[in-house]
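One-letter residues, chain by chain:
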Amino acid sequence: MAAPKSTAPNSADKPLLLVDGSSYLFRAFYALPDLKTSDGLHTGAVRGVIAMLRKLAKDYQGSPIAVVFDARGKTFRDEIYPEYKANREAMPDVLGEQIPYIHDIIRAMGLPLLIVPEVEADDVIGTLATQATRERRETVISTSDKDMAQLVSEHVTLVDTMSGKTLDRQGVIEKFGVPPESIVDLLALTGDSIDNIPGVPKVGVKTAAKWLNEFGTLEGVIAAADRIGGKVGENLRACLDQLPVSKELTRIRCDVPLDVHILDLCPEPEDREALRRLFERLEFKPWLEELGPDADGERAPAPAPAEREIEIVTDRDALESWLERLERAELIALGTATSTSAYMDGRLTGFAFAAEPGHAAYVPVAHEDPAAPPQLPQGEVLERLKPLLEDPTRPKLGHDLKHHRNVLRRYGIELAGIRHDTMLESYVLNSVDGRHDLDDLAKRHLGAATLRYEDVAGKGAKQIDFDRVPVAQAAEYAGQNVELIHRVHRVLWPRLEGVPRLCSVYRDIELPLLEVLSRMETNGALVDGKLLTELSRELAERMEALRQRACEAAGVDFNLDSPKQLQEVLFDRLSLPVLKKTPTGQPSTAEEVLQDLARDYELPRLVIDYRVLAKLKSTYTDKLPAQINGETGRIHTCYHQAVAATGRLSSSDPNLQNIPIRRAEGRRIRQAFIAPPGRRILAADYSQIELRIMAHLSGDRGLRAAFEQNLDIHRATAAEVFGTTLSGVSEDQRRSAKAINFGLIYGMSAFGLGRQLGISRTLAQEYIDRYFERYPGVRDYMEATRALAREQGYVETVFGRRLYLPEINARQPPRRQAAERAAINAPMQGTAADIIKRAMIDVDGWLREAGLDAMLIMQVHDELVFEVGERDVDALRDGVRERMQRAADLSVPLLVEVGVGLNWDEAH
């Protein structure tokens, strides 16, 4: 650690501010939304930490501020207790990548930044606070960590910048029931699940405070252990040997050797140019504007757009001239403008075209702009454009052409001749290289600043429909876009052509799938809104019954939807054990915590059941009826090709991918997806496709043999792992084998497997080791895949789709390990995505040629859902199964299960 240079003595009448940077970091990350720059850099934690620091500086103007972060690596506590913090999950990659920016901004702000090797931030802060107390210097510690309460004294107070709450000696007593000098003893008794510090099971803050107030100290409690009755007394006596260790772990050291003194904690002059560069990179525009002009007295100009001419077409001669130009074009860039972004509801407002870079046209047809020249009639423009747009020999280019194709379908035009889509070009080239919207592509590949939708239509509540945007502004926006599409395509397409396998994914999978998805989206799914409304009513009644039972179990009326009230009931009123804490140090009421508690207590189980019903009601039964299209009577979701890194499709408005089916209530939601009279719903689902892909990729003889013999793969795995016969496998053993099979695909650790199965980490590791002994090909495949990923920086699916792994060689183990897990999973999940996409393309072409009374209406993970006339059910069943099973030539057979019913649930 380099000591900051002292430039001036600290002002004696201003308190010293010591900031727990690590507390800030996690508080900001989990409290703020997932903010990103236009090129995909995560910035939420950076913005949150710096905002809190700026607020602190404003609240304590003139006070010196030092920011302290934990150092990476082990500390003296690990020597005392090797399991210290052993159960902490790895820091998320999206947080880790933001830490260097936070440190750089703090330094540029001129604030001392302290990171002491092998010492935790708490101990650095404790030592500095002790120095200040010896000199009778008022000190404010900014943190949300309850452990810091032990440092509160006559001269030391705590402040939580996010909540604004302060904590002095009396505040500590009111919050914890004991004074600051007893906090260490209290923490030893309660333990800390986040840091894996053992306490006394089922002892919370209230019980610990009661004991300490009665017996004085932890040593007094230990001496009186035989006098404490009940289950908690038994638990206490079982932990007596461990309590002194827990106390030592929770005690903040206040004598850490430091090469800096509080008198050295003076601010340096602010490095405004460094801040400017950082704020520009992170796109913190308001803070950038606060900095004012740069060193030359000027604000940094935005990149100038390329020269372009945009013609507003409002007469027939101009329209005919552009039609002639487009008919001669090698590639027609096009886009539609609609009043809103919803493809089934937005009113067609205009067309944009470009035949080459530099020139574009906008044809307004429905703008409410009295100041503009008269617009051509919408019907006339559609009639003149229809032959060109439906001509498959006239190559078309666009960005997210699926959306524009859907809009045109509503107006009787079947867009044909789609050759390129810049969104899909970008996505296939590198799915994780930022976002794939046109504004970001223009900035990333052309260095071009763009006029964004919000610039012409406004933001939030003040945003207007696009048909109310003045024609001149609409033309500038829409014309810019089609012109940029040409320019972006000229950058991306040569790069794609240079990688033949990637080019094949783009040309043979993603582009043809665009039209399949377009047809599927506009087909929509018929939904029984009355059934969903009735289900909402039933769910509300059941939720109320659960609420009453929960309040009876708690002995008090409380709001089950309030995490704070639930926390108070579970851990303060009922003194249930604290298994995990939030980043702010509060007892967690997260789902996994409640699941663990529900094994022994009634109330957590009631809360879980309540939450499940509440989510079903709010997410599905309340919302789906409102999303039924008024004209078609169907729900029309939007499928996204360029979102999931591995190639899987996602959906929104509504999201049909996550309707739960394990509970009866979830299956009833699927019952609302119905077939019209005289028709049926047919669902075709790949069976265990990712495990079959693992067998193919690894070449493991055992796995391949199980699939070739059509065995129950989970039972077969259980027989291998537990050394028994297929018939001798118990249901618990099969359940464990299923968790292993799927867990390894997703990189699950022994800790995760143990948690899922409710067994120790040691036993879970034994299961994993036995699995690899029986299936050595899987282990060899995983090791080889990690090595290849480290060497080339990416992995591939069977068909050549790539997932780039920028963190695969990161020096920080958590980031590197997360990339290694992705390297193993992506080839399987991505290959499964490619297979079902290939099947969709094949099935769609067959349906259009065969003339069957059937249509594809949904895709959900590994499942295709169709609506079919009764007479064609058998033909569709056979044809779909055949085409889905031949969508890939693997070394193990693909198995497709097909069901038919009057609704989606019956088809399973």
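Residues numbered from 1 in each chain as written. Predicted model: local features only at pLDDT ≥ 70, side-chain atom pairs only at ≥ 80, totals over all residues. Heavy atoms only, no water.

(A) Broad picture of the packing of helix H31 (residues 731-745) against helix H33 (residues 761-774). Interhelical geometry of H31 versus H33 gives an angle of 75° and a closest axis separation of 11 Å. Viewed along their axes, H31 and H33 adopt a mutual orientation that is roughly perpendicular. Between H31 and H33, the residues in contact are Ser736, Ile740, Asn741 and Leu744 and Tyr767, Ile768, Tyr771 and Phe772, respectively. Here the residues of the contact of H31 with H33 are counted per class, giving six nonpolar, two polar and no charged. (Axes fitted to C-alpha atoms, helices over the stretch in contact; angles between N-to-C directions. Helix = DSSP H or I, 4+ residues; strand = E, 2+ residues; numbered from the N terminus. Parallel < 35°, antiparallel > 145°, perpendicular 65-115°, else oblique. Contact = heavy atoms within 4.5 Å. Nonpolar A, V, L, I, M, F, W, Y, C, P; charged D, E, K, R; others polar.)

(B) Quick peek at empty space enclosed by the protein. Applying the stated criterion across every chain, the model contains six cavities of 30 Å³ or more. When its residues are assigned to classes, the lining of the largest cavity shows four nonpolar, three polar and three charged. (1 Å grid on protein atoms, 1.4 Å probe; cavity = no way out; pocket = protein on both sides within 12 Å on 5 of 7 lines; lining within 4 Å. Points joined across faces, edges and corners; volume = space filled by probe spheres on them.)

(C) Fine view of the sheet that holds strand S9 (residues 348-356). Strand order in this open sheet of six strands is S7-S10-S9-S8-S11-S12, and the pairing throughout is mixed. The open sheet terminates on both sides in strands that have one partner only, identified here as strand S7 (309-312) and strand S12 (418-421). The average undirected angle you get between the axes of adjacent strands in this sheet is 25°. Relative to strand S11 (residues 396-398), strand S8 (residues 332-338) runs parallel, the two being bridged by two bridges. The residue of S11 that forms the bridge with isoleucine 332 is lysine 396. Strands in contact with helix H15 (residues 316-328) are S7, S8, S9 and strand S10 (359-364); relative to S9, the strand with the most contacts, it is inclined by about 45°. Relative to the sheet, helix H18 (residues 422-429) contacts S11 and S12, its axis offset from that of S12 by approximately 55°. (Pairing = 2+ DSSP bridges.)

(D) Broad picture of the sheet that holds strand S1 (residues 16-20). The mixed open sheet is built from six strands, whose spatial order is S3-S2-S1-S4-S5-S6. The open sheet has two edge strands with one neighbour each: strand S3 (113-114) and strand S6 (166-167). Taken together, the four bridges between strand S4 (residues 139-142) and strand S5 (residues 156-159) define a ladder with parallel strand orientation. Residue valine 140 lies in a different strand from S5, and its bridge partner there is threonine 157.

(E) Layout of helix H13 (residues 272-282). Here H13 has its buried residues at Ala274, Leu275, Arg276, Leu278, Phe279 and Leu282. In the core, the buried residues of H13 are packed alongside helix H2 (44-59), helix H5 (99-108) and helix H14 (285-291). Backbone geometry just downstream of H13 places glutamate 283 in the positive-phi region, at approximately 60°. (Buried < 20%, exposed > 50% of the residue type's maximum accessible area, 1.4 Å probe, protein only.)

(F) Focus on the environment of glutamate 320. Take glutamate 320: it is sitting in helix H15. A relative accessible area of 29% means that glutamate 320 is categorised as partly exposed. Separated by 64 residues in the primary sequence, glutamate 320 and arginine 384 place their C-alpha atoms 8.5 Å from one another.

(G) Spotlight on the nonpolar core. Core analysis: the biggest nonpolar cluster contains 115 residues, and Tyr686 and Ile835 have the highest contact counts within it. Residue contacts for tyrosine 686: discarding those within four places in its chain leaves Ile835, Ile836, Ala839, Asp862, Met884, Gln885, Ala887, Leu894, Leu895 and Val896. Counting 68 residues, the second largest nonpolar core, distinct from the first, contains Val363, Val482, Leu496 and Val499. (Core = buried A, V, L, I, M, F, W, Y, C linked by side-chain atoms within 4.5 Å.)

(H) Representation of the environment of glutamine 812. Looking at the element boundaries, glutamine 812 is found in the loop between strand S19 (802-804) and helix H35 (813-850). Spatially, the C-alpha atoms of glutamine 812 and aspartate 653 are 38 Å apart, while their sequence positions differ by 159 residues.

(I) Geometry of helix H34 (residues 776-792). Here H34 spans 24 Å end to end across 17 residues, near enough to the 24 Å set by a 1.5 Å rise per residue. Along H34, the residues classified as buried are Gly777, Val778, Tyr781, Met782, Thr785 and Ala789. Buried residues along H34 cover an arc of 135° about the axis, so they all sit on one side. In this structure, the buried residues of H34 make contact with helix H28 (689-698), helix H29 (701-708), H31, H33, strand S18 (794-796) and H35. Just beyond H34, the residue with positive phi is glycine 793, at close to 85°. (Expected span 1.5 Å × (residues − 1). Arc of directions from axis to C-beta.)

(J) How the structure looks around the pattern of salt bridges. Scanning all chains against the criterion turns up 65 salt bridges. In this structure, aspartate 609 and arginine 605 form a salt bridge, with 3.5 Å as the shortest nitrogen-oxygen distance. A residue pair is termed a helical-turn pair when its members lie 3 or 4 positions apart in one helix, as aspartate 609 and arginine 605 do in helix H26 (residues 602-621) at four residues. We classify aspartate 609 as buried; its relative accessible area is 19%. One salt-bridge network, held together by shared partners, links Arg405, Arg409, Glu414 and Glu515. (Salt bridge = Lys/Arg side-chain N within 4 Å of Asp/Glu carboxyl O.)

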